[in-house]
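Working through the structure, step by step
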Amino acid sequence: MNTSVRAIARRNERNPLITPQDVKPLRDDFTVECVFNAGVARYGDEIILLMRVAERPKQSNPDTLRVPVLKDSDAGYRVEIVDLDRKDPAYDFSDPRKVRQIDINTYVYLTSMSHLRLARSKNGVDFTIEDEAFIFPSNRYEAFGTEDSRITEIDGTYYINYTAVSDKGITTALAKTRNFKTVERMGIIFTTENRDVTIFPERIGGQYFALQRPVPKQIGIAEMWTATSPNLTHWGEHQFLMGVKENWESLKIGGGAVPFKTEKGWIEIYHGADRSNRYSLGAVLLDLENPNRIIARTKEPILEPQDLYEVEGFFGNVVFTDGVLFEENKVKIYYGAADNVIALAEIDIEDLYRALGV
């Protein structure tokens, strides 16, 4: 019988650690709207954040929305600005994140373009943010941006899976680096619409293993699945892992940070949204040798929107993680708050075990 208890991760007193005001825009005619959802890695004596930075053109006319789009040209893919008339009845501007074309009932523009940028720290709290992008949109599948990275270290190589967004849909792409100075793109590994992919940090049964979150369009709900691969690029053996439950995770769930290994099993810090689109974090414990087997799952969130920077922002009532560090029996959760800033919370592993009932 699961006798799990509620455990609340402790917020860092310096939260939020990184805000849009801390980040320099890539162009003088753009502004940084949001910085959030960072992949995390330990690299030597540094903690690396690979942050999602959302920028948009400076807005000068309240009747016009200026949106960035990556377009192909003779000189390669370049960012262009499209001006949209807010009074044009062909478009729905009600969502601050994206623009919907009414006659075809689909979103055709994002209001900002995201790229992935590095921040470095010795203590995990004070970060130095680089001025240039580490992964910037560069092809037709990234025409609307590169988002939400997860970093998995395997044998000295850091594999970065991230969301590539375009008018062709939302896909998951893979890249790799050994030094966080140069990066090699490896292409798309999960096609539209699939996101919240997290790759385990070692082979299991001779195969690479990943969590994924396909999004059904006609039948079904956005829930968590698994997949395996012999080479990190070709994925198969797709299996359903776990679904939504009532209350805090009733609308959809998805993987968050890269799973970390403990004596009791793999722990995945994942996210769930309720029917009001309020995002919280929970944890699930998976078998070490067969991560398709769930050992335990928290009944209540370990972190939910509460403080002002989590409740109010670009998209409020959201806590969302792409990266954790498990060090010295503490789980350090770096998370995006209100789709606007980056924050940090910690929970002792024994408290997390108790929340899981193990």
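These remarks concern the structure in this document.

**Structural notes on the sheet that holds strand β1 (residues 10-11)**
Strands sit in the order β1-β26-β25-β24 across an open sheet of four strands; the sheet is antiparallel. Each edge of the open sheet is held by one strand with a lone partner, namely β1 and β24 (319-327). The sheet contact formed by β1 and strand β26 (residues 341-348) spans two bridges and is antiparallel. Of the residues in β26, the one forming a bridge with R11 is A345. The strands touched by helix α2 (residues 349-356) are β1, β24, β25 (330-337) and β26; relative to β26, the strand with the most contacts, the crossing angle is about 80 degrees.

**Some thoughts on the environment of Y270**
The residue Y270 is located in strand β21 (residues 265-273) in this model. Classification of Y270 by relative accessible area gives buried; the value is 0%. For the pair formed by Y270 and G256, sequence separation is 14 residues and the distance between their alpha carbons is 4.4 Å. A distance of 2.8 Å separates the side chain of Y270 from the side chain of E249, its partner in a polar contact. At 3.1 Å, the side chain of Y270 forms a polar contact with the side chain of R297.

**Examining the nonpolar core**
Among the nonpolar cores identified, the biggest contains 26 residues, and F260, I267, I269, V331, I333, Y335 and L352 are the most heavily contacted of them. Sorting the residues of this core by element identifies β21, β22 (279-286), β24, β25, β26 and α2 as the ones contributing at least two each. When residues no more than four places from it in sequence are discounted, the contact partners of I333 are A9, L281, I302, T321, G323, V324, A343, L344 and A345. Listed in part, the 19 residues of the second largest apolar core include L17, I18, A38 and L49.

**Quick word on the packing of aromatic side chains**
For any two aromatic rings, the description comes down to two numbers: the centre-to-centre distance and the angle of the planes. Summed over all chains, the structure comprises 14 aromatic pairs. Judged by centre distance (6.1 Å) and plane angle (55 degrees), the rings of Y91 and F93 are tilted. As far as the burial class goes, Y91 and F93 line up, both buried. Ring geometry for F260 against F326: centres 4.9 Å apart, planes inclined by 35 degrees, an arrangement best described as tilted. One end of the pair, F260, is in strand β20 (residues 260-262); the other, F326, is in strand β24, with 66 residues separating them in the sequence. Among the residues examined, F260 registers a relative accessible area of 8% and is labelled buried.

**Re the side chain of D148**
By secondary structure assignment, the location of D148 is in strand β11 (residues 145-154). Residue class for D148 comes out buried when judged on its relative accessible area of 5%. Here the side chain of D148 touches N37 through a polar contact of 3.1 Å, side chain to side chain. Not counting chain neighbours up to four residues away, the residues in contact with D148 comprise N37, R52, L116, N161, Y162, T163, R195, F320 and D322.

**Some thoughts on the pairing of β26**
For β26, a buried count of six out of eight residues is recorded, marking the element as mostly surrounded by other parts of the structure. Where β25 and β26 come together, eight bridges link them in antiparallel fashion. Opposite A337, over in β26, you have V341 as the bridge partner.

**Some words on unusual backbone geometry**
Backbone torsion omega between N15 and P16 reads -10 degrees, so that peptide bond is classified as cis. Residues T192 and E193 are joined by a peptide bond in cis, for which omega reads -15 degrees. As for its position among the elements, E193 is in the loop between β14 (184-190) and β15 (194-199). A positive phi angle, close to 75 degrees, is found at L232, a residue other than glycine. Not every positive phi belongs to a glycine, and N317 is a case in point at roughly 60 degrees. Mapped onto the secondary structure, N317 falls in the loop between α1 (308-311) and β24.

**Digging into the pattern of salt bridges**
Considering all chains together, one arrives at 30 salt bridges under this definition. The partner of D29 in a salt bridge is R27, with the nearest N and O atoms 2.8 Å apart. Look at D29 and you get partly exposed, because its relative accessible area is 32%. Salt-bridge contacts for D351 lead to R354; the nearest nitrogen and oxygen are separated by 2.3 Å. Taken together, the residues span about one helical turn, with D351 and R354 both in helix α2 at a distance of three residues. Each of R52, E147, D148 and R195 takes part in salt bridges that share partners, so that together they form one network.

**Notes on the pairing of β15**
The two faces of the sheet receive side chains in turn, since in a regular strand these alternate between them. Counting buried residues in β15 gives six out of six residues, a clear majority hidden from the surface. As paired elements, β15 and strand β16 (residues 208-214) share four bridges and run antiparallel to each other. By the bridge assignment for β16, N194 is matched with P214.

**Section: the sheet that holds strand β7 (residues 98-101)**
With antiparallel pairing, three strands are arranged side by side in an open sheet as β6-β7-β8. Among the strands making up the open sheet, the edge pair consists of β6 (91-92) and β8 (106-110). Summarising the sheet, β7 and β8 pair through four bridges and their orientation is antiparallel. In the sheet register, V99 faces β8, and the bridge partner there is Y109.

Quick notes on the rules
- Residues numbered from 1 in each chain as written.
- Predicted model: local features only at pLDDT ≥ 70, side-chain atom pairs only at ≥ 80, totals over all residues.
- Heavy atoms only, no water.
- Pairing = 2+ DSSP bridges.
- Helix = DSSP H or I, 4+ residues; strand = E, 2+ residues; numbered from the N terminus.
- Contact = heavy atoms within 4.5 Å.
- Axes fitted to C-alpha atoms, helices over the stretch in contact; angles between N-to-C directions.
- Buried < 20%, exposed > 50% of the residue type's maximum accessible area, 1.4 Å probe, protein only.
- Polar contact = N/O pair within 3.5 Å; in protein donor to acceptor, adjacent residues only side chain to side chain.
- Core = buried A, V, L, I, M, F, W, Y, C linked by side-chain atoms within 4.5 Å.
- Phe/Tyr/Trp six-rings, centres within 6.5 Å; stacked < 30°, edge-to-face > 60°.
- Salt bridge = Lys/Arg side-chain N within 4 Å of Asp/Glu carboxyl O.

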